Amino acid sequence: MLDFGIDSQPLEECLTAHGGLPLVAETFRALGGRAAVERHLKLKARERGISEGDMVEDFLLLLASGGECFDDFAVLAEDQGLAATLGRTLAGPDAARKFLYRFHDEDMQAKRPQHVLAWVPEETTALQGLAKVNATLVQEFQRRQPEVTGFTVDMDASLIESHNIEAKAHYDGGRGYQPEFAIWAETLMVLADEFRDGNVPAAMDPLSVVKAAFGVLAPEVLAKLTMAFRGDSACYNHELLNWLRNPAREGPQGKIRFAISACMSPQLRAVIEKVPAKAWQPYRRPDGQASAAEVDELRSWADVVFVPSDGPSDKTLAPDRYIAIRIQKRQGELFADGTSVKHFAIVTNDWDADGGKVLWWQRQKAGTVEQVHDMIQNGLGLGTVPCQRFGANAAWTRLNVLTHNVLQALKWIALPPEERHAHPKRMRFRVFALAGRVTHSARRTWLRLAGTAAQIARQIAVRAKLWMAPPSQPVLVT
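Predicted model, so just to flag it, every value in this text is computed and none were measured.

Analysis parameters
Position labels on residues start from 1 in each chain and follow its written sequence. The predicted nature of this model means local features are confined to residues of pLDDT at least 70 and side-chain atom pairs, given and counted, to a pLDDT of 80 or more, with totals for whole chains, interfaces and linings taken over all residues. Only heavy atoms go into the side-chain values, all of them from the structure, while hydrogens and water stay out. The term salt bridge refers to a pairing of a side-chain nitrogen on Lys or Arg with a carboxyl oxygen on Asp or Glu at a separation within 4 Å. Helix numbering and strand numbering both begin at the N terminus, where a helix is a DSSP run of H or I of at least 4 residues and a strand a DSSP run of E of at least 2. Partly exposed residues are those whose accessible area sits between 20% and 50% of the maximum for their type, while under 20% is buried and over 50% is exposed, using a 1.4 Å probe and protein chains only. In this analysis the probe radius is 1.4 Å and the grid spacing 1 Å, with only protein atoms considered; a cavity is a set of points the probe fits into but cannot get out of, a pocket is an open set with protein on both sides within 12 Å along at least five of seven lines, and lining residues have an atom within 4 Å of a point. Grid points are joined across faces, edges and corners, and a volume is the space filled by probe spheres set on the points. In this classification, the charged set is Asp, Glu, Lys and Arg, the nonpolar set is Ala, Val, Leu, Ile, Met, Phe, Trp, Tyr, Cys and Pro, and all remaining amino acids, among them Gly, are polar. Residues count as neighbours in contact if any of their non-hydrogen atoms are within 4.5 Å of one another. Two joining distances apply to patches: 9 Å for like charges and 5 Å for nonpolar side chains (Val, Leu, Ile, Met, Phe, Trp, Tyr), and every residue must have over 30% relative accessible area and no salt bridge. Note on areas: these come from Shrake-Rupley sampling with a 1.4 Å probe, and a residue is covered only by the protein chains present in the view. Two strands are counted as paired when DSSP detects at least two bridges linking them. It is the directions from the helix axis to the C-beta atoms that the arc portrays. The quantity called pLDDT is the predictor's confidence in a given residue, expressed from 0 to 100. Between 30 and 60 degrees the pair is tilted, below 30 it is stacked and above 60 it is edge-to-face, where a pair is any two Phe, Tyr or Trp rings, Trp via its six-membered ring, whose centres lie within 6.5 Å. To get an axis, fit a line to the C-alpha atoms, keeping to the stretch in contact for a helix; angles then go from 0 to 180 degrees between the N-to-C directions. Angles are sorted into four bins: roughly parallel if under 35 degrees, roughly antiparallel if over 145, roughly perpendicular if 65 to 115, and oblique for all others. Each nonpolar core is a collection of buried residues, namely Ala, Val, Leu, Ile, Met, Phe, Trp, Tyr and Cys, held together in the definition by side-chain atoms within 4.5 Å.

**A closer look at the pattern of salt bridges**
Working step 1: In the structure shown here, the tally under the stated rule is 25 salt bridges.
Working step 2: Linking Glu-26 and Arg-463 is a salt bridge whose minimum nitrogen-to-oxygen distance equals 2.4 Å. Of the two residues, Glu-26 sits in helix α1 (residues 22–30) while Arg-463 sits in helix α18 (residues 453–466), which places them 437 residues apart along the sequence.
Working step 3: By relative accessible area, Glu-26 is classed as buried at 15%.
Working step 4: A cluster of three or more residues bridged by salt bridges with shared partners is formed by Arg-29, Arg-34, Glu-38, Asp-54, Glu-57, Asp-58 and Arg-88.

Right, here's the structure in full:
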């Protein structure tokens, strides 16, 4: 045992162990999120009690500080110093639970068609309100980052394991949920999400999520950005491809460069296998680096002429480009399945770039979506779901998305450049976990941090940067 004792009497001063955590609330407010909640979220039947704005803010504070369940709200609610900096009492576990349950609508769940296993229910009005809050955050973030000229949307689903009675079996053998996420690759902001049961395949109606992602920013804003989309084979979908191909589509006008992993149909495989040996070109990463697997493999690419039976609906549009990938063992060995060669392919509308560069660009999608999945599931609270109610779990997912986007905005707008790539755990360690004492003087609340002069100067500078650009007028998201 270490040579010290613990005094059984608590300090009488107003202290907090989360002196940096108010930055989360300030970022949310500076981006117009708090005002957007009051505009779009109407869950309470009576005026008394905790407001919707306070509740959403408390969820963001909980998730940013490492909380993972309703009971964790008690830790923040007992932090008198944190409450003093916010100017209000924080929600307890029961209030948070009741708030989240209001997002669930049993009548909507009752609309599930009989004899249909995979089904995505319509979102409640409250969930749609949270989506509008997220859109407001992204819009204000984009307004403050004019140097970001690319708008690449990467989409993928993520598995959340759960053993509650309502969780459905998923493709990996367990039970849980499989939400879809559309990510702004250049900033790692989540543009749109859709909560789904575990048995809903990722290939089921990806277009609705893609439309929601491209609909976050106004058409006149997107017209100034370079639009692109990347997806895996779950996005190899006739309706989605037709929407991406058409520059006069419903939604943002103009070209959307896309690259999507193609499903290896027997017809496509037959075409690839007929490619002559001299047509294959070496496929290397532009930076010359290679993974352990790539060192042992020969990778090459080739353009193939392939027109699927469900090609473009509009025959006036240019045909798609199919790029095949061939992987072989360097020593002539066989793969684990007994084959000597593996073939894959992507479909794209980029006919100008070198095929190897298009492949590398499409492959970078894994680096964005996997990183965001890791930050939201392992760094925040989406590694689990709080209950059996589908709507409440959908709201929990979207609140995690809101928290992630607030932290991304905090890093980009106000934190030093070296913190740009910090994950939530590191932000907790370096920015949020600062002890402090709260005092009141001259009709004002003061937070005296127990940190170095450099740490305190940084906190002051961060707050100033958040409010340096005046908050934009509320953007009404329809």
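**Observations regarding the layout of surface pockets**
Working step 1: The volume enclosed by the second largest pocket comes to roughly 660 Å³.
Working step 2: Every residue lining the second largest pocket is counted, 20 residues in all, and those nearest its centre are Glu-26, Thr-85, Thr-445, Leu-447 and Arg-463.
Working step 3: Counting only elements with at least two residues in the lining of the second largest pocket, the list comes to α1, α5 (80–86), β15 (444–449) and α18.
Working step 4: Per element, the largest residue contribution to the lining of the second largest pocket is six residues, and it comes from β15.
Working step 5: By residue class, the composition of the lining of the second largest pocket is ten nonpolar, five polar and five charged.

**Structural notes on the side chain of Ser-158**
Working step 1: Relative to the helices and strands, Ser-158 is located in the loop between β2 (150–157) and β3 (160–161).
Working step 2: In this structure Ser-158 touches Tyr-177, Gln-178, Pro-179, Phe-181, His-373 and Gln-377, once residues within four positions along its chain are discounted.

**Quick look at a nonpolar patch on the surface**
Working step 1: Among the surface-exposed residues, Leu-2, Phe-4 and Ile-6 lie close enough to one another that they form a single nonpolar patch of about 420 Å² accessible area.
Working step 2: With respect to the helices and strands, Phe-4 occurs in the segment before β1 (15–16).

**Observations regarding the sheet that holds β15**
Working step 1: Taken together, the three strands give an open sheet; going across it, the order is β1-β14-β15, and neighbouring strands pair in antiparallel fashion. Of all strands in the sheet, those with a lone pairing partner are β1 and β15, marking the two edges.

**Some thoughts on helix α6 (residues 93–101)**
Working step 1: Every buried residue of α6 is listed here: Ala-96, Phe-99 and Leu-100. The buried residues of α6 all sit within an arc of 95 degrees when viewed along its axis, so they share a single face. More than 90 degrees from the buried face of α6, the exposed residues found are Asp-94 and Lys-98.
Working step 2: Taken together, the buried residues of α6 touch α3 (52–64), α4 (73–77) and α16 (390–413).

**Topic: the confidence of the model for the protein chain**
Working step 1: On average, residues of the protein chain score 91 in pLDDT, and 94% of them reach the 70 mark or higher.
Working step 2: Contacts for the low-pLDDT stretch residues 473–478, under 50 throughout, to residues beyond four places or in other chains number eleven contacts.

**Some words on the environment of Pro-201**
Working step 1: When you line up the elements, Pro-201 lands in the loop between β7 (189–194) and α9 (206–214).
Working step 2: When its relative accessible area of 41% is taken as the criterion, Pro-201 is described as partly exposed.
Working step 3: When residues no more than four places from it in sequence are discounted, the contact partners of Pro-201 are Ala-118 and Arg-196.

**Observations concerning the packing of aromatic side chains**
Working step 1: For the structure on display, the rule yields 13 aromatic pairs.
Working step 2: Between Phe-141 and Trp-412, the aromatic rings sit 5.8 Å apart at their centres with planes inclined by 80 degrees, giving edge-to-face as the arrangement. Within this pair, whereas Phe-141 is found in helix α8 (residues 125–144), its partner Trp-412 is found in helix α16, the two being separated by 271 residues in sequence. You'll find Phe-141 and Trp-412 in the same group, each marked buried.

**Re empty space enclosed by the protein**
Working step 1: Counting across every chain of the model gives one cavity of 30 Å³ or more.
Working step 2: The volume enclosed by the largest cavity comes to roughly 130 Å³.
Working step 3: Lining the largest cavity are 18 residues, with Glu-122, Glu-123, Leu-127, Phe-390 and Ala-394 sitting closest to its centre.
Working step 4: Here the element with the most residues in the lining of the largest cavity is α16; it accounts for four residues.

**Focus on the packing of helix α14 (residues 355–363) against helix α15 (residues 365–379)**
A pair of packed helices can be characterised by two numbers: the angle between their axes and the separation between those axes.
Working step 1: For the pair α14 and α15, interaxial distance at closest approach is 4 Å and the crossing angle is 0 degrees. Taken together, the axes of α14 and α15 lie roughly parallel to each other. Across from Trp-361, Gln-362 and Arg-363 in α14, the residues of α15 making contact are Lys-365, Ala-366 and Gly-367.
Working step 2: Of the residues that constitute the contact of α14 with α15, the class distribution is two nonpolar, two polar and two charged.

**Description of α9**
Working step 1: Inspection of α9 places Pro-206, Leu-207, Val-209, Val-210, Ala-213 and Phe-214 among the buried residues, and these make up the whole buried set. Buried residues along α9 cover an arc of 160 degrees about the axis, so they all sit on one side.
Working step 2: Its buried side turned inward, α9 meets β2, β6 (180–184), β7, α10 (219–222), β8 (226–231) and α11 (238–245).

**Here's the deal with the nonpolar core**
Working step 1: Of all hydrophobic cores here, the largest spans 117 residues; its most connected members are Val-56, Phe-103 and Phe-229.
Working step 2: Looking at this core element by element, the count peaks at 14 residues for α16.
Working step 3: If we skip the residues at most four places from it in the chain, Phe-103 touches Leu-41, Leu-43, Thr-124, Ala-126, Leu-127, Leu-130, Gly-391, Ala-392 and Ala-395.
Working step 4: In this structure, Ala-228, Tyr-283, Leu-359 and Trp-361 belong to the second largest nonpolar core, which totals 13 residues.

**Some details on the environment of Thr-384**
Working step 1: Here Thr-384 shows up in the loop between α15 and α16.
Working step 2: Owing to a relative accessible area of 34%, Thr-384 belongs among the partly exposed residues under this scheme.
Working step 3: For the pair Thr-384 and Arg-269, spaced 115 residues apart in sequence, the C-alpha separation works out to 40 Å.
Working step 4: Residues within four places of Thr-384 in sequence aside, it is in contact with Glu-68, Ile-160 and Trp-396.

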